[in-house]
Amino acid sequence: MDNKKILIVDNEKDALFMLEQELAARGYSVIAADNGNDALSLAKSERPDLIILDIWMPGMGGPEVAAKLREDP
Amino acid sequence: MNWIEVREQNSRLSLNRMDKLRKKTQILVVEDESIVAMDIRKTLQNLGYDVPYVVSTAKAAIQKAKEDKPDLVLMDIVLKGKMDGIEAADQIYTKFNIPVVYLTAYADDKTLKRAKVTEPFGYIVKPFENKDLRMVIEMALYKAKVENELRASKASFHNIVEKSADGIIVVDRDGVVQFVNHAAEVLFGRKAKELVGELFGFPVMGGEVIELDVVRHGREPGIAEMRVAETEWNGQSAYLALLRDITDRRRAEEKIKRAAQEWRTTFDSITDMISIHDKNFKITRVNKAFANAFKKEPKELIGETCYEVFHNTKQPCPNCPHMWSLKTKKPATLELFEPRLGIHLGVSTSPILDENGEVTSSVHIAKDITERKLAEERLREANEKLKEYNQLKDEFVSTASHELRTPLSIIMAAIRIMLDEIPGEIVEKQRDVLTRAMKNVKGLSKIVDSLLSIAKIESGKLDLKITVVNICELIKETVSNCNTLAQEKSLSLDFEVPEQRIDICLDPDRIKEVLINLISNSIKFTSEGGWVKVTCTERDGEVLVSVQDSGVGISEEDIPKLFDKFTQFGRQAGPGEKGTGLGLAIVKKLVEMHGGKIEVESEVDQGTTFTISLPLTTKSVAEVLSTETDELVESTLANN
């Protein structure tokens, strides 16, 4: 629980907001992205401990992002 | 005759005749005066006749005549004894057909009269000359021979005429019946004696064959064929009519004609075009529909080649079904568009085989299938549309799922965050407002879940994730999840499961859903202080799980509609307890997807028991799953 970094990805901005609120209240450090591409670049630059990924997103969907993330450790 | 004359005669005759003549004529002499008898005997023997016996009484005469069958009997009229010669003669002639010549001393009228009645063959008056005796005897024998021949002839005649199957009638020039044979009696149903002497009644003309309607006595009228020839009867010209009973033949002919007529009518009343083609593609028969279609008379079409008439070609078509039938001796079909008639035709040909199994021709039936083709086209289009709609619906289920849940989850999260005081502290009043809001959002969320659930199941998009699960554990977990709910209403919630584990293939989340639904229903419908109990047993390759309560129960009339969608049962419920009426429908579908069944028993004010049964065997579950999904998809398609 000591300042783990979590990357949350969801195209719904309100959902991101709510999740951020709840996670921050529990002491996590939160970074948010609302699309696949931003998610990938943020993942690269910030190197979070955990990624919470929404499945259904327009453009690059959740599974695609996940696949791409696995390619690059 | 002396021996010389006999020999001469013999040499003139054939061997057969010689054999007969070699046998001497046998004469029986009946004479009571013995000396006279001896004398006569000697005389006869000298004349060349054989006289083996002489008898003196009538009785003996009859007896000897019977035994020896002499060729002639020489009988003295006056005899000793009860019977006289005349009586004996009568008997001998009548019974044995032996000619009798009377020997008499005198010839008084009375005796002669009596004697005549017996039809003697001659008389000889004593005393007599030898040559007279011989002459009388020879004449008697001749007469007897002639009579025998006549009798034989009559018998032959009788045999032929009476045994004839055809009726033979002789009619004289005035049209009066003179003779009727047995067959004619049968034909007219009357006896010969009734007919002879009557007017024949039918015109008789020599040479022609006429048909007569015969009224028969005691039977229904018939038909006879009559042939008349000219003949003679009793010296006068007359007509000989030969009658043949053709009633049966006529009836059979009528039947055949009628049958042919019926066939013809049927053939012509069929609206499909029918034609029969022989091996050389020549049309041998057509029905009315066919002729009408080509706007020709049937006779114009017979003899034409089928391909010329149908297709206006000089050669048979390459895919001609008639040719196929001829070759393979099997029926063939073909669909084609006939441009001249502007219709689609379904053509079928069937070969006609002769008694050797060889093909002689084939029946060609052309059916107007334009409508059918149109219907097929429409069906194809409808199917395409259906597929489209189905796809749309599937997309809807996916999108709706996401689109409905997302805002709901955000709202719920927002309220929760507020209640957790993350953005800041809240006062009691605010808490109150937010709590109410949360309850309602949760309720809404449940409804949305149910709707999406049933939509998913019905569109076949729900996949069961089957694993091996110890159902006893599952029940324990589920029950503990519902404990708080039960406590809120002060109900006791209990379970009873067997000691040993029962492993069963199922989707744990779905079955949990089923149990939670049933348990929460029970809790909902049981008033404070009541109880809810979950039991699990194994029986006959099935696992039975019952959820029993002491609640308000369900009336008998409501039970059939229990598992229907959107049916709810009136009762007072708090806001959080409102339902969609979909719960039991979903439960039933989920249980059935596992290959199981659900049953309910209930009594008003006593309680309700829901029992689900799930099969234990893996194979049946998998099998049922595949068929269930197929059935669901099919029924959904059908319903749409």
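How each quantity is defined
- Residues numbered from 1 in each chain as written.
- Chains lettered and ligands numbered in written order.
- Predicted model: local features only at pLDDT ≥ 70, side-chain atom pairs only at ≥ 80, totals over all residues.
- Helix = DSSP H or I, 4+ residues; strand = E, 2+ residues; numbered from the N terminus.
- Buried ≥ 20, exposed ≤ 12 C-beta atoms within 10 Å, placed from the backbone.
- Contact = placed C-beta atoms within 7 Å.
- Nonpolar A, V, L, I, M, F, W, Y, C, P; charged D, E, K, R; others polar.
- Pairing = 2+ DSSP bridges.
- Axes fitted to C-alpha atoms, helices over the stretch in contact; angles between N-to-C directions.
- Left-handed = near helix turned anticlockwise from the far one by under 90°.
- pLDDT = per-residue confidence, 0-100.
- Parallel < 35°, antiparallel > 145°, perpendicular 65-115°, else oblique.

1. Describing the overall build of chain A
Looking only at helices and strands, chain A has three helices and three strands in total. Going from N to C terminus, chain A has its helices and strands arranged as β-α-β-α-β-α. Across the 73 residues in chain A, those meeting the buried criterion constitute 21%. Long-range pairs, those at least 24 residues apart, make up 59% of the contacts in chain A with a sequence separation of at least 6.

2. Notes on the overall build of chain B
Within chain B, the secondary structure is distributed over 20 helices and 22 strands. Buried positions account for 24% of the 640 residues belonging to chain B. Taking contacts inside chain B between residues at least 6 apart in sequence as the whole, the part at least 24 apart equals 56%.

3. Describing the interface of chain B and chain A
Contacts between the two partners involve nine residues from chain B and, on the opposite side, nine residues from chain A. Among the residues forming the side of chain B that touches chain A, the class breakdown is five nonpolar, three polar and one charged.

4. Observations concerning the sheet that holds strand β1 (residues 27-30) of chain B
Residue and element names in this part refer to chain B. The five strands lie next to each other as β2-β1-β3-β4-β5, forming an open sheet whose pairing is parallel. Both edges of this open sheet fall to β2 (54-55) and β5 (122-125), since each of them pairs with a single strand only. In the sheet, strand β3 (residues 72-76) pairs with strand β4 (residues 100-104) via four bridges, with the strands oriented parallel. Counterpart to Asp 76 in the pairing with β4 is Leu 103. Contacting β3, β4 and β5, helix α7 (residues 130-163) runs over the sheet at an angle of about 165 degrees to β5.

5. Considering the packing of helix α16 (residues 428-458) of chain B against helix α19 (residues 583-593) of chain B
Residue and element names in this part refer to chain B. Packing of α16 against α19 leaves a shortest axis separation of 10 Å and a crossing angle of 35 degrees. Judged by the twist between their axes, the crossing of α16 over α19 is left-handed. Across the interface between the two elements, Ser 450, Ser 453, Ile 454 and Ile 457 of α16 pack against Gly 583, Ala 585, Ile 586 and Lys 589 of α19. Its residues assigned to classes, the contact of α16 with α19 comprises four nonpolar, three polar and one charged.

6. With respect to the confidence of the model for chain B
Per-residue confidence for chain B gives a mean pLDDT of 83; residues scoring 70 or more make up 91%. Here the predicted complex scores 0.41 on pTM and 0.73 on ipTM.

7. Quick notes on the packing of helix α4 (residues 58-68) of chain B against helix α5 (residues 85-96) of chain B
Residue and element names in this part refer to chain B. At a minimum axis separation of 9 Å, α4 and α5 run at an interaxial angle of 15 degrees. As summarised for this structure, α4 and α5 are arranged roughly parallel, according to the angle between their axes. When you trace α4 past α5, the crossing you get is right-handed. Contact residues: α4 offers Ala 58, Ala 61, Ile 62, Ala 65 and Lys 66, while α5 offers Gly 85, Glu 87, Ala 88, Gln 91, Ile 92 and Phe 96. When the residues that make up the contact of α4 with α5 are grouped by side-chain class, the tally is seven nonpolar, two polar and two charged.

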